[in-house]
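# Structural characterization, general
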Amino acid sequence: MPDCVFCKIVAGEIPSTRVYEDEELFAFEDVQPQAPVHVLIVPRKHIPTLNDVTEGDAPMIGRMMRAGARIAQAKGTAAAGYRTLFNVNAGGGQTVFHLHLHVLGGRTLRPGLG
Ligand code: 5GP
Ligand code: ZN
């Protein structure tokens, strides 16, 4: 296992507030939430960035997006609206190099992207 904070969260070696899990994915509350709803969805397997996603991983990405929509629904922010995003590499704001989908909602988000 690489020395990776999200691998450790998936393995239960670092505590987290779990939101959802299945054989493939694990979702938990962001420790520094940027909105009332801020959940991270990660694959159990270590993939550093979106750049490393293969064609074979593509169906899993779809399931990550579907999980995001279900979590937004469960958190009550699906109808009002929310945002999903992948930050990619340092210039894209990525600080943890284990693929993760942000799900942000529960407040009105500024239009556009910083
Ligand atoms: P990035 O900037 O890489 O797209 O997002 C990384 C996110 O992971 C940040 O929003 C940060 O707050 C969150 N994060 C970093 N370390 C931990 C941790 O140990 N536990 C949890 N729950 N979230 C973390
Ligand atoms: Zn990892």
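The structure we're discussing is the one just above.
Read on for an overview of the structure. Because the structure is predicted, anything quoted here is derived from the model rather than measured.

## Focus on the site of ligand 1
In the vicinity of ligand 1, 16 residues are found, and the nearest of them are Asp 30, Gly 93, Thr 95, His 100 and His 102. Contacts to ligand 1 include Glu 29, whose backbone N or O atom sits 2.9 Å from a nitrogen atom. For ligand 1, whose free accessible area comes to 520 Å², the fraction covered by protein is 83%. Of all the secondary structure elements, the ones that give two or more residues to the shell around ligand 1 are helix 1 (5–10) and strand 2 (25–29). Here the element with the most residues in the shell around ligand 1 is helix 1; it accounts for three residues.

## Regarding the environment of Val 42
Positionally, Val 42 belongs in strand 3 (residues 37–43). Sequence separation of Val 42 and Phe 6 is 36 residues, and the distance between their C-alpha atoms is 7.7 Å. Among residues more than four places away in sequence, those in contact with Val 42 are Phe 6, Val 10, Glu 24, Leu 25, Phe 26, Phe 28, Met 64, His 98, Leu 99 and His 100.

## So, the side chain of Asp 30
The residue Asp 30 is located in the loop between strand 2 and strand 3 in this model. No salt bridge is formed by the buried Asp 30; the nearest opposite charge belongs to Arg 107, separated by 12 Å. Within the structure, the side chain of Asp 30 is placed 2.8 Å from the backbone nitrogen of Gln 32, a separation counted as a polar contact. Once residues within four sequence positions are removed from consideration, Asp 30 is found in contact with His 38, Val 39, Leu 40 and His 102.

## Description of the pairing of strand 2
Of all five residues in strand 2, four are buried, a share of seventy percent or more. Between strand 1 (residues 18–21) and strand 2, which pair antiparallel one after the other, the connecting turn spans three residues. As defined by bridge partners, strand 2 adjoins strand 3 across five bridges and the pair is classed as antiparallel. Opposite Phe 26, over in strand 3, you have Val 42 as the bridge partner.

## Observations regarding the coordination of the zinc ion (ligand 2)
Each protein donor to the zinc ion (ligand 2) is listed here as Cys 4 (SG), Cys 7 (SG), His 46 (ND1) and His 98 (ND1); together their distances run 2.0 to 2.3 Å. Around the zinc ion (ligand 2) sit four donor atoms, and with donor-metal-donor angles ranging over 105 to 117° the site reads as tetrahedral. Positions of the donor residues of the zinc ion (ligand 2), expressed as sequence spacing, correspond to C-x2-C-x38-H-x51-H. Of this pair, Cys 7 sits in helix 1 while His 46 sits in the loop between strand 3 and helix 2 (58–74), placing them 39 residues apart in sequence.

## Section: the sheet that holds strand 4 (residues 82–85)
Ordered by their spatial adjacency, five strands build an open sheet running 1-2-3-5-4, and the pairing between neighbours is antiparallel. Single-partner strands in this sheet number two, and they are strand 1 and strand 4. Strand-to-strand twist of the sheet, defined as the mean angle between neighbouring strand axes without regard to direction, takes the value 15°. Relative to strand 2, strand 1 is paired through three bridges, and the arrangement is antiparallel. Looking at strand 2, one finds that Arg 18 is bridged to Phe 28. Running over the sheet, helix 2 touches strand 1, strand 2, strand 3, strand 4 and strand 5 (101–105) and is turned about 155° from strand 3.

About the thresholds
Along each chain, numbering runs from 1 in the same order as the chain's sequence is written. Lettering of chains starts at A and numbering of ligands starts at 1, both following the order in which they are written. Only residues with pLDDT of at least 70 are given local features in this predicted model, and only at 80 or more are side-chain atom pairs given and counted; all residues enter the totals for whole chains, interfaces and linings. Hydrogens and water are ignored here; the side-chain numbers use all heavy atoms of the structure. Summary of the distance rule: residues count as near a molecule or strand when at least one heavy atom falls within 4 Å of that molecule or strand. Counted as a polar contact is a pair of N or O atoms within 3.5 Å, where, for protein atoms, one must be capable of donating a hydrogen and the other of accepting one, and residues adjacent in sequence contribute only when both atoms are in side chains. Where accessible areas are quoted, they stem from the Shrake-Rupley method and a 1.4 Å probe; at the residue level, only the protein chains shown are allowed to cover. Numbering of helices and strands runs from the N terminus; a helix is a DSSP stretch of H or I covering at least four residues, while a strand is a stretch of E covering at least two. Contacts were defined at the residue level, with two residues in contact if any of their heavy atoms lie within 4.5 Å. Three labels apply to residues, based on accessible area from a 1.4 Å probe with only protein chains included: buried if under 20% of the type maximum, exposed if over 50%, partly exposed otherwise in between. The charge count includes Lys and Arg as positive and Asp and Glu as negative, but it does not include His or the ends of the chains. The salt bridge criterion pairs a side-chain nitrogen of Lys or Arg with a carboxyl oxygen of Asp or Glu, the two atoms within 4 Å. DSSP-based pairing: two strands are paired if at least 2 bridges between them are found. Any N, O or S atom lying within 2.8 Å of the metal counts as a donor, and for Na, K and Ca the limit rises to 3.2 Å; water is left out, so some sites can look incomplete. Geometry is assigned from donor-metal-donor angles: four donors are tetrahedral when every angle falls between 85 and 135 degrees, four are square planar and six octahedral when opposite donors sit over 155 degrees apart with all other angles between 65 and 115, and any other arrangement is irregular. Fitted lines through C-alpha atoms give the axes, limited to the stretch in contact for helices. The angle between two N-to-C directions lies from 0 to 180 degrees.

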